[in-house]
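Structural overview for review
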Amino acid sequence: MAQNAFYPEDVLIEKMESGEYGWLDYVNHFSAEWQDELAEYCTECALEINDASAEQFVHYKSEQLEAAMESGEA
């Protein structure tokens, strides 16, 4: 993945809402860890790395966080 500047979530949301960023930009500017995890996710799910798969990945990460919070792990 490309080397990108990373931004806080609120900045990324603003950039998405303004149309400046798409889902792939969101992931690429969230963290290097998420860039790596997206690549793994796409490989495991036989997906291309693009806006659609990045959106699926973000929803997947949200579900993981929700589950961890419900079980007291987060």
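Here is a short report on the structure shown in this document. Starting from 1, residues in each chain are numbered consecutively following that chain's sequence as written. Owing to the predicted nature of the model, reporting of local features is limited to residues with pLDDT of at least 70; listing and counting of side-chain atom pairs is limited to 80 or more, with chain, interface and lining totals taken over all residues. Excluding hydrogens and water, the side-chain values take into account all heavy atoms of the structure.

As for the layout of surface pockets
Its boundaries defined by the atoms lining it, the largest pocket holds a volume of some 150 Å³. Lining residues are those with an atom within 4 Å of a point, where the points come from a 1 Å grid over the protein atoms alone and group into cavities, where a 1.4 Å probe fits but cannot get out, or pockets, open sets with protein on both sides within 12 Å along at least five of seven lines. If you trace the largest pocket, you find it lined by Glu9, Tyr26, Trp34, Val58, Lys61, Ser62, Gln64 and Leu65. For this classification, the nonpolar set comprises Ala, Val, Leu, Ile, Met, Phe, Trp, Tyr, Cys and Pro, the charged set comprises Asp, Glu, Lys and Arg, and every other residue, Gly included, is treated as polar. Within the lining of the largest pocket, the residues separate by chemical class into four nonpolar, two polar and two charged. Grid points are joined across faces, edges and corners, and a volume is the space filled by probe spheres set on the points.

Some words on the nonpolar core
Of all hydrophobic cores here, the largest spans eleven residues; its members are Leu12, Tyr21, Tyr26, Val27, Trp34, Leu38, Tyr41, Cys42, Ala54, Phe57 and Val58. Residue contributions to this core peak at four residues, all from helix α3 (residues 32-44). Whether two residues are in contact is decided by their heavy atoms: any pair within 4.5 Å suffices. Once residues lying within four places of it in the same chain are set aside, the contact partners of Trp34 are Tyr26, Val27, Phe57, Val58 and Lys61. By nonpolar core we mean a set of buried residues, namely Ala, Val, Leu, Ile, Met, Phe, Trp, Tyr and Cys, connected to one another through side-chain atoms within 4.5 Å. Any residue under 20% of the maximum accessible area for its type is buried, any over 50% is exposed, and the rest in between are partly exposed; the area is computed with a 1.4 Å probe on protein chains only. Helical segments are the DSSP runs of H or I of at least four residues, strand segments are the runs of E of at least two, and each set is numbered from the N terminus.

Remarks on unusual backbone geometry
One non-glycine residue, Ala46, lies in positive phi territory at about 55°. Relative to the helices and strands, Ala46 is located in the loop between α3 and α4 (51-70).

A closer look at helix α2 (residues 23-30)
Of all the residues in α2, the buried ones are Tyr26, Val27, Asn28 and His29. Residues of α2 that are buried sit in contact with α1 (9-17), α3 and α4.

Observations concerning the packing of α2 against α4
Angles here are taken between N-to-C directions and fall from 0 to 180 degrees, while the axes themselves are lines fitted to C-alpha atoms, restricted in helices to the stretch in contact. The interhelical angle for the contact between α2 and α4, taken along N-to-C directions, is 60°, at an axis separation of 7 Å. Considering the angle they form, α2 stands oblique to α4. Within the contact between the two elements, α2 uses Trp23, Leu24, Asp25, Tyr26 and Val27 and α4 uses Asp51, Ala54, Glu55, Phe57 and Val58. Of the residues in the contact of α2 with α4, the class split is seven nonpolar, no polar and three charged. Any angle from 65 to 115 degrees is called roughly perpendicular, while one under 35 is roughly parallel, one over 145 is roughly antiparallel, and all others are oblique.

The values are spatial; any link to function lies outside them.
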